[in-house]
Amino acid sequence: MNEEEDLDNQNLNYFNNDYLFLIILILLEKYHTGERDGYGVSSAFTLNDFIKGDLSKCEEIIGEIEDTNDYSSPNEYVLSHIIRIGDDLNIIKLRQIGAFKMSVMLEQVVEYAINNDKTFPLEAGYYCAVIDEIMKLQIIEKERNENLFKTNGYTFEKTREPIFFDDNYSKHIALLLDIVPEYIYLRATFIDEEVNAIEKEIKSFLDDFSNDLLKDYQPDYALTSRLYFTKQIENFYAHLNTLPLVGNTVNIPFTVLGNKDFEVVKILKFLELNKRIRINKWNDEAFWKVDFIDTPITIESLVSNTKSPRQSKPRVSTKFKDGTLYFEDKQFNFNRKQIQKDLLNTLFKKPKYNWSNDEIWEDWGEEDFKNKTLKFYTASDEINKMIALETGVRDFLIKGTKQVQINPKYIS
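Not measured: the values here are computed from a predicted model.

Q: Explain the pattern of salt bridges to me, using residue names and the numbers behind them.
A: All told, the structure shown has eleven salt bridges when counted by the stated rule. The closest approach of N and O atoms between Lys-30 and Asp-49, which form a salt bridge, is 3.3 Å. In this pair, Lys-30 is assigned in helix 3 (residues 18-33) and Asp-49 in the loop between strand 2 (40-46) and helix 4 (59-68), connecting sequence segments 19 residues apart. Each of the two residues, Lys-30 as well as Asp-49, counts as buried. In this structure, Lys-349 engages Asp-363 in a salt bridge whose closest nitrogen and oxygen atoms are separated by 3.0 Å. With Lys-349 in the loop between helix 14 (338-347) and strand 12 (355-356) and Asp-363 in helix 15 (residues 357-364), this residue pair connects regions lying 14 residues apart in the sequence. One salt-bridge network, in which partners are shared between bridges, spans Asp-18, Arg-226, Glu-263 and Lys-266.

Q: Report on the sheet that holds strand 11 (residues 330-333), specifying residues and quantitative values.
A: One open sheet accounts for three strands, arranged 9-10-11; its pairing is antiparallel. The sheet terminates laterally at strand 9 (319-321) and strand 11, the two strands that pair on one side only. Ignoring which end each strand starts from, the neighbouring axes of this sheet average 20° apart. Examined bridge by bridge, strand 10 (residues 324-327) and strand 11 share four bridges and lie antiparallel to one another. Residue pairing in the sheet places Tyr-326 in a bridge with Gln-331 of strand 11.

Q: Talk me through helix 11 (residues 229-240); I want residue IDs and the actual numbers.
A: Counting along an α-helix, one turn takes 3.6 residues, and residues three or four places apart therefore face a common direction. Under the 1.5 Å per step criterion, the end-to-end length of helix 11 is 16 Å for twelve residues, consistent within 8% with the ideal 16 Å. Its buried side turned inward, helix 11 meets helix 10 (192-210), strand 6 (249-253), helix 12 (264-273), strand 8 (287-292) and helix 13 (299-303).

Q: Account for unusual backbone geometry, with residues named and values stated.
A: In this model, Thr-295 is joined to Pro-296 through a cis peptide bond whose omega is 0°. Within the secondary structure, Pro-296 is located in the loop between strand 8 and helix 13. In this structure, Tyr-221 is a non-glycine residue whose phi angle is positive, near 75°. Residue placement: Tyr-221 occurs in the loop between helix 10 and helix 11. We note that Asp-329 has phi near 65°; this positive angle belongs to a residue other than glycine. By secondary structure assignment, the location of Asp-329 is in the loop between strand 10 and strand 11.

Q: Pulling in residues and values, what's your account of empty space enclosed by the protein?
A: Using the criterion set out here, one finds one cavity of 30 Å³ or more in the structure. The space that makes up the largest cavity amounts to roughly 30 Å³. Lining the largest cavity are Arg-276, Phe-292, Asp-294, Ser-301 and Leu-302. Taken together, the residues of the lining of the largest cavity break down into two nonpolar, one polar and two charged.

Q: Could you give an account of the nonpolar core, with specific residues and numbers?
A: Val-78, Ile-173, Ile-252, Leu-268 and Trp-288 are the most contacted members of the largest nonpolar core, which has 91 residues in total. If one sorts the elements of this core by residue count, helix 3 sits on top with eleven residues. Setting aside chain neighbours within four positions, we find Leu-268 in contact with Phe-236, Ile-252, Ile-277, Ile-279, Trp-282, Trp-288 and Val-290. Ranked by size, the runner-up nonpolar core spans 24 residues in total, among them Leu-325, Phe-334, Leu-343 and Met-386.

Q: I'd like a description of the packing of helix 6 (residues 102-115) against helix 7 (residues 124-150), backed by residues and values.
A: In the contact formed by helix 6 and helix 7, the axes pass within 10 Å of each other and the chain directions differ by 170°. Taken together, helix 6 and helix 7 sit at an angle that is classed as roughly antiparallel. Contacts from Met-102, Ser-103, Met-105, Leu-106, Val-109, Val-110, Tyr-112 and Ala-113 of helix 6 reach helix 7 at Tyr-127, Val-130, Ile-131, Ile-134, Leu-137, Gln-138 and Glu-141. A breakdown of the residues in the contact of helix 6 with helix 7 according to their chemical character gives twelve nonpolar, two polar and one charged.

Q: Help me get a handle on the side chain of Thr-159, residues and values and all.
A: Tracing the chain through its elements places Thr-159 in helix 8 (residues 156-159). The residues contacting Thr-159, other than those within four sequence positions of it, are Glu-141, Arg-144, Asn-145 and Tyr-154.

Q: Describe the sheet that holds strand 14 (residues 403-406), with residues and values.
A: On the basis of which strands lie adjacent, the open sheet formed by three strands has the order 12-14-13 and antiparallel pairing. Each of the sheet's edge strands pairs with one partner strand only, and the pair in question is strand 12 and strand 13 (397-399). Where strand 13 meets strand 14, three bridges bridge the pair, whose relative direction is antiparallel. Opposite Lys-399, over in strand 14, you have Val-404 as the bridge partner.

Rules used throughout
Residues numbered from 1 in each chain as written. Predicted model: local features only at pLDDT ≥ 70, side-chain atom pairs only at ≥ 80, totals over all residues. Heavy atoms only, no water. Salt bridge = Lys/Arg side-chain N within 4 Å of Asp/Glu carboxyl O. Helix = DSSP H or I, 4+ residues; strand = E, 2+ residues; numbered from the N terminus. Buried < 20%, exposed > 50% of the residue type's maximum accessible area, 1.4 Å probe, protein only. Pairing = 2+ DSSP bridges. Axes fitted to C-alpha atoms, helices over the stretch in contact; angles between N-to-C directions. Expected span 1.5 Å × (residues − 1). Contact = heavy atoms within 4.5 Å. 1 Å grid on protein atoms, 1.4 Å probe; cavity = no way out; pocket = protein on both sides within 12 Å on 5 of 7 lines; lining within 4 Å. Points joined across faces, edges and corners; volume = space filled by probe spheres on them. Nonpolar A, V, L, I, M, F, W, Y, C, P; charged D, E, K, R; others polar. Core = buried A, V, L, I, M, F, W, Y, C linked by side-chain atoms within 4.5 Å. Parallel < 35°, antiparallel > 145°, perpendicular 65-115°, else oblique.

Set out below in structure tokens:
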């Protein structure tokens, strides 16, 4: 798979956005703790399970809302993307959307209105509209229970089940998404094989992220360029130093999701996969409880001895034949990349030799030396990037301004 095909992968759009990536991680967590039935792993959750921190501080979310006008609020954005993740990534089949505990919901909204303790629309008309929507749900619930009684299906447990919507859910709960997301109910079945595939892709994505292969592919609607991974780790470490350390545990508040100096979800998941930390729950109440394996915490303890699964593959012989590079159990076709192909042809004539630019030009039979340094350097960089996207190896070619060679450690 070449670089262009990799970047066209729609999964990248979900992984790249830190908040959407968090939604996926919460879904995967629910997969591993859900109940298994005849259809797979089933799980029930509320919209509030996915609302973390102050969404108005997440620039990717606000940017898309303002640009597309597809969502009336951040919470609707989250619910819509939970549904889209099911359609696009196919890891879940969302079976039902509904609402429950209408009486409790009504009391809570009235209390909000009286105490005026919500930070979004405080106008009386807003609360009246919300209350009206809840009362309509109460009528639907009452009709459901009466029908259960008529058909001898009435039990106390069934009357406490959510009201589910077969048609457009938004016309029933649009006003409730922001004020009482804890009472918006979703039920889904996970697809085992798709979950396994996504988890493998996450490992691959984070390997690319940590190797700066996605440096130029910052999330849509991000206002600033993506920082190098090492800089993000430095910034993350600096932030940790502002938080209390109890034993080996740091509680990281969800407000950090608005931090522009590092992509916290990617950093935490990378450290978790590389056994630098343990996270109690991705879906926690107000913060992530993070246990650090090594203390004292240093930048070196966060990133040292981390090795991606792709880098630990047994090495196979490296060769270049008929425009195809055979490396790390992969094949890379350079027949449509003439300069890169010519460069590899020359380098593999003497694989362990450190070729100077002049020697490469002589091998090519070129007499015009104009811009030769830039040409070799760029071609080497593109070869390294193509290989790294598939294997995680970033240093296949050792390149300088005056010479290029194949890294001796990859030549048997």
